[in-house]
Amino acid sequence: MIADDEPLVVEGVRTVLEAAGIDIAGTAHNGRDALAAIERCRPEVALVDLHMPGLGGLAVVERLPAVSPGTRALVLTSFGDQENVLAAVEHGAAGFVLKTCAPEELVAAVRAVAAGEAYLSPVVTRMVLGLVAPESAPRRRDAVDRVARLAAREREVLDAVAEGLSNAEIAGRVHMSEATVKTYVSRVLAKLGCTNRVQAAMLARDARN
């Protein structure tokens, strides 16, 4: 599902994804139509622009779990969207892709999110982490306490997640299969009380500061 208020962007994204063999369930040019289409089509991934007239992309991300729990949000963003990106992270967006990315990266992002992974380019990860000010002492203590719940191997996986590594890259680093890494990542997120990798990365950063 593609949601963007610029028809040319929608058609360009559709062309790139369909050329890669990805089926497009529907398109929309504003948030309300996007939610209606998502509820009707139940796509695996909703590729959502943050800036749309009326109901914006952030509201779509916020309401997505209630409308279609099985749909994961992949946010289209730009360098000027830092605060909205941070808010989208907090509301559980599964990935972020810059509008200036190469077609291959867009395809990789959609496939990763559809596979249950997060897609966080190093550029976006640095943008989000750089936006967040160092935490207060109580929040840092909370982060330290939460990270302390993890076993040594789980902390190793968390550190790799905080660097923005994919499951395949983590597997190569810690000498596990991708399936095992996926299980570890899910376990780490559950123990930390995080809904996505950026939240986990922020928590790991807070615990180290």
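Note: the structure precedes this text.
The following paragraphs examine the structure supplied in this document. Nothing here was measured: the structure is a model prediction, and the numbers come from that model.

Cut-offs applied
Residues numbered from 1 in each chain as written. Predicted model: local features only at pLDDT ≥ 70, side-chain atom pairs only at ≥ 80, totals over all residues. Heavy atoms only, no water. Core = buried A, V, L, I, M, F, W, Y, C linked by side-chain atoms within 4.5 Å. Buried < 20%, exposed > 50% of the residue type's maximum accessible area, 1.4 Å probe, protein only. Helix = DSSP H or I, 4+ residues; strand = E, 2+ residues; numbered from the N terminus. Pairing = 2+ DSSP bridges. Phe/Tyr/Trp six-rings, centres within 6.5 Å; stacked < 30°, edge-to-face > 60°. Lys NZ or Arg CZ within 6 Å of the ring centre and 35° of its normal.

1. Focus on the nonpolar core
Then, number 1: Among the nonpolar cores identified, the biggest contains 31 residues, and M1, I38, V60, V75 and F96 are the most heavily contacted of them.
Then, number 2: When residues of this core are traced back to their parent elements, those giving at least two are helix 2 (31–41), strand 3 (45–49), helix 3 (57–67), strand 4 (72–77), helix 4 (82–90) and helix 11 (197–208).
Then, number 3: Counting residues in each nonpolar core, the second largest holds 25 residues, with V147, A160, V188 and L203 among its members.

2. Let's talk about the pairing of strand 4
Then, number 1: Counting buried positions along strand 4 gives 5 out of 6 residues, so the element sits mostly inside the fold.
Then, number 2: With 5 bridges connecting them, strand 3 and strand 4 associate as parallel partners. The residue of strand 4 that forms the bridge with A46 is A73.
Then, number 3: Where strand 4 and strand 5 (residues 95–98) come together, 4 bridges link them in parallel fashion. Paired with L76 across the strands is V97, a residue of strand 5.

3. Comments concerning the packing of aromatic side chains
Then, number 1: Enumeration over the complete set of coordinates arrives at 0 aromatic pairs.
Then, number 2: The ring of Y184 has R187 sitting right over it, with the charged end atom 4.7 Å from the ring centre.

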